[in-house]
Amino acid sequence: MFWNYFALAVYFLIMVGITIYTKNRSKSVNDFLLAGKKGLNGWMTAFAYGTTYFSAVIFIGYAGKFGQAYQLAAVWIGIGNAIIGSLFAWMVLAKRTKNMTTRLSAKTMPEFFEKRFNSRALKLCSAVIVFIFLIPYSASVYNGLSNLFETIFSIPGWVVMIALAGITALYLFFGGYFATALSDFIQGIIMIIGVILMFIFFMSSKQVSWDISTLNWFTFGSSNKGLYGDTVSLISLILLTSFGVWALPQTVHKYYAIRDKRAINQGMIVSTAFALIIGFCAYFFGGLSPLFSSELAGNSNPDNVIPIMLSFVIPAGVMGVVAVLILSASMSTLSSVSLASASVVAIDIYKGKINQKASDKKVNVLMKVLCLVFIAISVILAVLNAKFNIAAIAYMMGLSWGTLAGCFIGPFVLGVMWKKVTKPAVWASIIGSLVLTVLLIIILGYDKVNWTCGFGVAIQNGIGCSPLIGVICMAYSMIVTFVVSLFTKKPSDEVIECAFNKKIENEIA
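Residues numbered from 1 in each chain as written. Predicted model: local features only at pLDDT ≥ 70, side-chain atom pairs only at ≥ 80, totals over all residues. Heavy atoms only, no water.

Undergrad: Let's hear about the nonpolar core: which residues, and what values?
TA: The biggest cluster of nonpolar side chains holds 159 residues, and the ones touching the most others in it are Phe59, Leu288, Phe408 and Phe412. A total of 20 residues in this core trace back to one element, the largest contributor, which is helix H13 (residues 316-354). Here Phe408 is in contact with Met109, Phe113, Ser126, Ile129, Val130, Ala247, Val413, Ile430 and Ser477, once residues within four sequence places are set aside. Leu440, Ile441, Leu444 and Leu468 belong to the second largest nonpolar core, which has 7 residues in total. (Core = buried A, V, L, I, M, F, W, Y, C linked by side-chain atoms within 4.5 Å. Buried < 20%, exposed > 50% of the residue type's maximum accessible area, 1.4 Å probe, protein only. Helix = DSSP H or I, 4+ residues; strand = E, 2+ residues; numbered from the N terminus. Contact = heavy atoms within 4.5 Å.)

Undergrad: I'd love a proper account of the packing of aromatic side chains, names of residues and values included.
TA: The full count for this structure, using the stated rule, is 22 aromatic pairs. Each residue in the set Tyr49, Tyr53, Phe54, Trp90, Tyr255 and Trp401 is aromatic and connected to the rest through ring pairs, giving one cluster. (Phe/Tyr/Trp six-rings, centres within 6.5 Å; stacked < 30°, edge-to-face > 60°.)

Undergrad: Mind laying out helix H19 (residues 493-500), listing which residues take part and the relevant values?
TA: Since there are 3.6 residues in each turn of an α-helix, residues three or four apart along the chain are aligned in direction. Looking at H19, one finds that the buried residues are Val495, Ile496, Ala499 and Phe500. Along the axis of H19, the buried residues cluster in a sector spanning 105 degrees; they form a single face. In H19, those exposed residues whose orientation departs by more than 90 degrees from the buried face are Asp493 and Glu494. (Arc of directions from axis to C-beta.)

Undergrad: Could you give an account of the packing of helix H16 (residues 423-448) against helix H18 (residues 466-486), naming the residues involved and the relevant values?
TA: Look at H16 against H18: their axes get within 9 Å of each other, and the N-to-C directions meet at 150 degrees. Taken together, the axes of H16 and H18 are roughly antiparallel relative to one another. Our pair here, H16 against H18, has a crossing hand that is right-handed. Between H16 and H18, the residues in contact are Pro424, Ala425, Ala428, Ser429, Gly432, Ser433, Leu436, Thr437, Leu440, Ile441 and Leu444 and Leu468, Ile469, Ile472, Cys473, Tyr476, Ser477, Val480, Thr481, Val484 and Ser485, respectively. In terms of residue class, the contact of H16 with H18 is built from 14 nonpolar, 7 polar and no charged. (Axes fitted to C-alpha atoms, helices over the stretch in contact; angles between N-to-C directions. Parallel < 35°, antiparallel > 145°, perpendicular 65-115°, else oblique. Left-handed = near helix turned anticlockwise from the far one by under 90°. Nonpolar A, V, L, I, M, F, W, Y, C, P; charged D, E, K, R; others polar.)

Undergrad: Lay out the packing of helix H5 (residues 75-104) against helix H6 (residues 109-117) with the relevant residues and their values.
TA: In contact at an axis separation of 10 Å, H5 and H6 are set at 70 degrees when each is read in the N-to-C sense. Our classification of the angle between H5 and H6 gives roughly perpendicular. The segment H5 lies against H6, with Met100, Thr101 and Leu104 engaging Phe112, Lys115 and Arg116. Residue classes in the contact of H5 with H6 are distributed as 3 nonpolar, 1 polar and 2 charged.

Undergrad: Give me the lowdown on the environment of Lys351, citing residues and values where you can.
TA: You can see Lys351 is positioned in helix H13. Among the residues examined, Lys351 registers a relative accessible area of 30% and is labelled partly exposed. Lys351 sits 12 residues away from Val363 along the chain, and the two C-alpha atoms are 7.1 Å apart.

Undergrad: Run through the pattern of salt bridges, naming residues and quoting values.
TA: As enumerated under the stated definition, the model contains 3 salt bridges in all. Note that Arg120 and Glu114 form a salt bridge whose closest N and O atoms lie 3.8 Å from each other. For Arg120, a relative accessible area of 51% gives the class exposed. Residue Glu114 is classed as buried on the basis of its relative accessible area of 13%. With a shortest N-O distance of 3.1 Å, Glu114 and Lys123 are connected by a salt bridge. Accessibility expressed as a relative area gives 6% for Lys123, which makes it buried. (Salt bridge = Lys/Arg side-chain N within 4 Å of Asp/Glu carboxyl O.)

Undergrad: Describe the environment of Val313, and please don't skip the residues or the numbers.
TA: On the secondary structure map, Val313 appears in helix H12 (residues 305-313). Among the residues examined, Val313 registers a relative accessible area of 9% and is labelled buried. Remark: the alpha-carbon pair of Val313 and Ile200, spanning 113 residues in sequence, is separated by 9.9 Å. When neighbours within four sequence positions are excluded, Val313 is seen to be in contact with Phe201, Phe202, Ser205, Gln207 and Phe292.

Undergrad: Now, about helix H3 (residues 42-53): what can you tell me, with residues and values included?
TA: In this model H3 runs 16 Å from its N-terminal to its C-terminal C-alpha over 12 residues, within 8% of the 16 Å that 1.5 Å per residue would give. Among the 12 residues that make up H3, 11 are buried, leaving the element largely enclosed by the rest of the structure. Where H3 begins, one side-chain oxygen reaches toward the backbone nitrogen of Trp43, 3.2 Å away; that side chain belongs to Asn41. (Expected span 1.5 Å × (residues − 1). Polar contact = N/O pair within 3.5 Å; in protein donor to acceptor, adjacent residues only side chain to side chain.)

Dropping the structure here:
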């Protein structure tokens, strides 16, 4: 037990060291949000992208729940994340996003929408959506960690949440994005070491042995009942978690701050390799859960599957390292989500709408304070969720991802690639996706059980369909953005010239 706490103590000291080292690197908004004028190299950006992508939610919520449901077929989620969510995303978006946000001087996704489509109202609306729907995502990460530490270390969940929030707030407040990226790089290395250790201990455990050959890699479980069966559910998860990151503010932000074309090519390779290692292994461990049926007997909470398995497989002296792995995955995600949320309020709402003459120093201070506020709200929601069991971790994350990606994937992806995307098309995507999300939660919630069940039961079951709902909304966003753009007035030549000026692109690349 001593070595477990020793590993945790060393990890927290490293984070404090990063805070001290980077305390003077966030004096302006550009420093705090984009790590200065030069930007970051490919390795740091790739690790920042990967550690933001994968958090405690994947190890605790997703891997446990879907490993039980699909066995080793769940690894296709991780493979899809690596190929579609990392490799293809970087190939299609990284250079285009870097060039266009530099031309438009856009620091956030809402600011990109304002300048790309010449609409302050779009900026305000998208900023509110980003702030609201990143809160449940952040809360789901806190919940994942509290489950791990309660199960393995017998530490109360609220203590874990507050400690995690404190250390995240510390280095984010003083160091901004540079501190986040530096910590992400260190945490990414820890995650790789951790999953390698987990793989070794799982494969050498008595529960696994050679019984792994009895598990399914390609069949999706025993329940394949149409729209709500395992087949549709698994495909929905692959599509949501792989394409969703194409339009999430906290992942797209990494492209804004990358240094140059060379760094982009480097980052694409590194982030794909990182995603393949972490994503494959996380779902692989979850897929082994049927072999631990006796150890999991009596457990009805899917969020406890991985922590229970770890308690039987990982030696006591190594458990601290594994805990640090999941802690690392979570802290990097939390800092990126907090930064994305605080920036949209400070830059897009306060500076953009309330006080347009606010100084850079004032906006920078406000952004730091808002990071603390966002972290506090997320912790409160996570504590309430744990106390009243509002929703499972996987569904909280799925609802957040699906709503944000459904609103923004069409306007953002087509917006950086196609000159003819129009402002009405963006509004159709955002408003339509929000309405569609609410309707589908209600309709699928009733339809999944029966149309005579109570409204509360229907909503709970509807949220349980969040991966499918997210995929439908993403498809809607892409289609409606394209179709409406064909039949509405194209943007002015001035707006198009500003966004697609090739002379500036050559200077950047």
